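Okay, here's what each chain looks like letter by letter:
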Amino acid sequence: MFIPENIGTAPKIIFIKLPKKYMAGLSLYYSLDHGLFITGLNPNVSESHLATYFTEWGCITMCKIRNSPISSKDKLAYVRFSKEDEANQADWAGPHFIFGEECKVIRVVSPKVNDDKCQEKRSTPSGHFEVPFCCPAMFG
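Residues numbered from 1 in each chain as written. Predicted model: local features only at pLDDT ≥ 70, side-chain atom pairs only at ≥ 80, totals over all residues. Heavy atoms only, no water.

### Thoughts on the sheet that holds strand E3 (residues 75-81)
Defined as follows: We treat two strands as partners when DSSP finds at least two bridges between them. Secondary structure elements follow DSSP: runs of H or I of four or more residues count as helices, runs of E of two or more count as strands, with numbering from the N terminus. For every element, the axis is a line fit to its C-alpha atoms; helices are fit only across the contacting stretch, and the angle between N-to-C directions ranges from 0 to 180 degrees. The contact definition used throughout considers only heavy atoms, calling two residues in contact when any of these lie within 4.5 Å.
An order of E2-E3-E1-E5-E4 is seen for the 5 strands of this open sheet, with the pairing classed as antiparallel. The sheet terminates laterally at strand E2 (60-67) and strand E4 (96-98), the two strands that pair on one side only. Averaged over all neighbouring strand pairs, the angle between strand axes comes to 35 degrees, with direction disregarded. Two strands pair when backbone bridges link them, and E2 and E3 are joined in this way by 7 bridges, in the antiparallel orientation. Across the sheet, Met-62 pairs through a bridge with Arg-80, a residue of E3. In the packing of helix H2 (residues 47-54) onto the sheet, contacts are made with strand E1 (32-39), E2, E3 and E4, and the angle to E2 comes to roughly 135 degrees. In this fold helix H3 (residues 84-92) packs onto E1, E3, E4 and strand E5 (101-111), with an angle of close to 20 degrees to the strand it touches most, E1.

### Quick notes on the nonpolar core
Going by this rule: The nonpolar core is taken to be a set of buried Ala, Val, Leu, Ile, Met, Phe, Trp, Tyr and Cys residues, with the residues joined through side-chain atoms within 4.5 Å. For the exposure calls, accessible area comes from a 1.4 Å probe over protein chains only, and a residue counts as buried if that area is under 20% of its type's maximum, exposed if over 50%, partly exposed in between.
In this structure, Ile-38, Leu-41, Leu-50, Phe-54, Val-79 and Phe-81 are the most contacted members of the largest nonpolar core, which totals 19 residues. Secondary-structure elements contributing two or more residues to this core are E1, H2, E2, E3, H3 and E5. With 5 residues, the next largest nonpolar core counts Leu-18, Met-23, Leu-26 and Val-109 among its residues.

### Regarding H2
To be explicit about the condition: Directions from the helix axis toward the C-beta atoms define the arc.
Among the residues making up H2, those that are buried are Glu-47, Leu-50, Ala-51 and Phe-54. Down the axis of H2, the sector holding all buried residues measures 100 degrees, keeping them to one side.

### Description of the packing of aromatic side chains
Two numbers describe a pair of aromatic rings. These are the distance of the centres and the angle of the planes. This is how the line gets drawn: The aromatic pairing rule takes the rings of Phe, Tyr and Trp, using the six-membered ring of Trp, and pairs them if the centres are within 6.5 Å, calling planes under 30 degrees apart stacked, those over 60 edge-to-face and the rest tilted.
With the rule as written, the count across this model stands at 6 aromatic pairs. Judged by centre distance (5.7 Å) and plane angle (45 degrees), the rings of Phe-15 and Phe-37 are tilted. With Phe-15 in the segment before helix H1 (20-26) and Phe-37 in strand E1, this pair connects stretches of sequence that are 22 residues apart. Phe-15 gets classed as partly exposed once you look at its relative accessible area, which sits at 38%. Connected via pairs of aromatic rings, a cluster forms that spans Tyr-53, Phe-54, Trp-57 and Phe-81.

Shown next, in the form of structure tokens:
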């Protein structure tokens, strides 16, 4: 059986939607990040607003918003949680109304990306939020 050297990581971020019962099988081959893919966002919502909204369910380790390839008015987002259970709780808590808009939330996993970037900075050069964003109540 051929086993690639880089098993456990992916070359770039991909999002996979699959039933929970299959996540365990995928986790045998990859270390997984757990998160939510969000569509239907208000055009005025920022990454910090989105991260703040989802801290109710856990520690946010990444939050990225992109413009939709279909329409420049629509935005898409990915919110990554530090634990699988936190992503599940946020998914099950729906429907989600963010900035007055009901958003469609899809539970996803993604194989961890082998990324050696320093996580100490507040944001990347492109301005994306990429450090843990935790609710202070979680530490008390």
